[in-house]
Structures are given as structure tokens and as C-alpha cells.
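# An overview of the molecular structure
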Amino acid sequence: MVSDHQTVWASCLQTIRLSLNPQNFKTWFDPIKPVGLSENVLTIQVPNKFFYEWLEEHYVGLLKKTIKDTLGEQGRLEYQIMVRTDDNSIRPRRREIGSLEMDAAASQGAQVNEIKNPFVIPGIRKLKIDPQLNAKYTFETLIEGDCNRLARSA
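Residues numbered from 1 in each chain as written. Predicted model: local features only at pLDDT ≥ 70, side-chain atom pairs only at ≥ 80, totals over all residues. Heavy atoms only, no water.

### Remarks on the pairing of strand β1 (residues 33-38)
The test is simple: Being paired, for any two strands, means DSSP has found at least two bridges between them. Numbering of helices and strands runs from the N terminus; a helix is a DSSP stretch of H or I covering at least four residues, while a strand is a stretch of E covering at least two.
Sheet analysis places β1 next to strand β2 (residues 41-46), joined by five bridges and oriented antiparallel. In the sheet register, Lys 33 faces β2, and the bridge partner there is Gln 45. The antiparallel hairpin formed by β1 and β2 contains two residues in its connecting segment, where Glu 39 sits at a positive phi of about 50 degrees.

Set out below in C-alpha cells:
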């Protein structure tokens, strides 16, 4: 088993490189820096929270598989996210792989398995929107022709 975090991450990158096109690899995996390795937990540093969320959304399966292949079944990945604080300094913040869903749900006080409707925007029901439609254009006054037969039958 490999013990150096640089070597482990280099091994992971070789596997990941084979699975992605060069541009995606360069965009999403070149900026990542390995920070440490402790008890089968590889810690990598990502530039910001958006970067972390993108990896979790699009590459979490690939990362999990690669880490397990490199470190064994007990292998885990931990992120160190560089965040800007109130005093404009940049500090690292740690997060384990797969914790994005749990953090988002916990911060909203919701259950992790709860499915939310993506088409409901909070506060939108309170708005009164004038559709600015012409009242004389209705299906009752529609004259059927070759070009609108489908609309009329609907």
C-alpha cells in the first residue's frame, strides 16, 4: 500500500485521466493539490466551494472508485476547501466526500431523502404577474387551418 499523499494522488490522477477528455481533466483536476494522507483518508485541496460542489455533482462516483482502487476498500477522500472569511483572509475548510447532500439538507432542516420540486421558487406565489395576453385570442375564436390543426385539436 502507498503511504505518500503525493504518490497516492498521482496514481488517482492517472486513472481519472483515462476516464475524462483532456479539457475536463485540465479544468477540474489540475488545480487540485494533495494535502495529506492519514489512515486511508486522502485530503485534497480545492480552490473554492463551487469547485467542490461541481466535483461532488459530476465526478463523485469516479473519485470514490479511484480512491477505493488506490487505497483499498477503507479508502476515503476528504476535501479542504479554500474559503474567504469576513476579514478577507483565505482559510481551508474540511469536508468529507459525499457530505454535500447532507450539509445542504441539514442547513435547511430537511431530511436527506426528501425530494424537492425544482420548479417551485420560494416567494413566487406572492407575485401577481400580468400575462399581457390579448383577450380576443382564445380557442373559441380560433379558425382552423392547415397550419394550426394540431393546436385546434388539442
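After presenting the structure, the write-up continues.
### Considerations on the side chain of Glu 56
Going by this rule: Whether a residue is buried, partly exposed or exposed follows from its accessible area with a 1.4 Å probe, protein chains only, as a fraction of its type maximum: under 20%, in between, or over 50%, in that order. None of His or the chain ends enter the tally, which takes Lys and Arg as positive and Asp and Glu as negative. By definition, a salt bridge exists where a carboxyl oxygen of Asp or Glu is found within 4 Å of a side-chain nitrogen of Lys or Arg. Distance and chemistry together define a polar contact, namely a pair of N or O atoms within 3.5 Å, with one atom able to donate a hydrogen and the other to accept it when in protein, and with adjacent residues in sequence counting only for side-chain atoms on both sides.
Within the fold, Glu 56 resides in helix α3 (residues 49-58). For the buried Glu 56, no salt bridge is present, and the opposite-charge side chain at shortest range is Lys 64, 6.8 Å distant. Within the local environment of Glu 56, its side chain forms a polar contact with the side chain of Tyr 79, the two groups lying 3.4 Å apart.

### Re α3
To be explicit about the condition: Regarding the arc, it is the one traced by the directions from the helix axis to the C-beta atoms.
Of the residues making up α3, those classed as buried are Phe 51, Tyr 52, Leu 55 and Glu 56. Angularly, the buried residues of α3 cover 130 degrees about the axis, an arc narrow enough to put them on a single face. Projecting away from the buried face of α3 at angles above 90 degrees are the exposed residues Phe 50 and Glu 57. N-capping of α3 is provided by Asn 48, with a side-chain oxygen placed 3.3 Å from the backbone N of Phe 50.

### Thoughts on the environment of Arg 17
Residue position: Arg 17 is located in helix α1 (residues 5-19). Here Arg 17 falls in the partly exposed class, since its relative accessible area comes to 48%. Remark: the alpha-carbon pair of Arg 17 and Phe 29, spanning twelve residues in sequence, is separated by 8.8 Å.

### Notes on the packing of aromatic side chains
Our working definition: Here a pair means two rings of Phe, Tyr or Trp (six-membered ring of Trp) with centres within 6.5 Å. Their orientation is stacked below 30 degrees between planes, edge-to-face above 60, and tilted elsewhere.
Using the criterion set out here, one finds seven aromatic pairs in the structure. On the basis of an interplanar angle of 50 degrees and a centroid distance of 5.0 Å, the ring pair of Trp 28 and Phe 51 is categorised as tilted. Placement of Trp 28 in helix α2 (residues 22-28) and of Phe 51 in helix α3 is noted, with a sequence separation of 23 residues between them. Across this residue pair, the class does not change: Trp 28 and Phe 51 are buried. With a centroid separation of 6.1 Å and 40 degrees between ring planes, the pair formed by Phe 50 and Trp 54 is classed as tilted. With Phe 50 and Trp 54 both in helix α3, this residue pair falls four residues apart, about one helical turn. We classify Trp 54 as partly exposed; its relative accessible area is 28%. The structure contains a cluster of three or more aromatic residues connected by ring pairs, namely Trp 28, Phe 50, Phe 51 and Trp 54.

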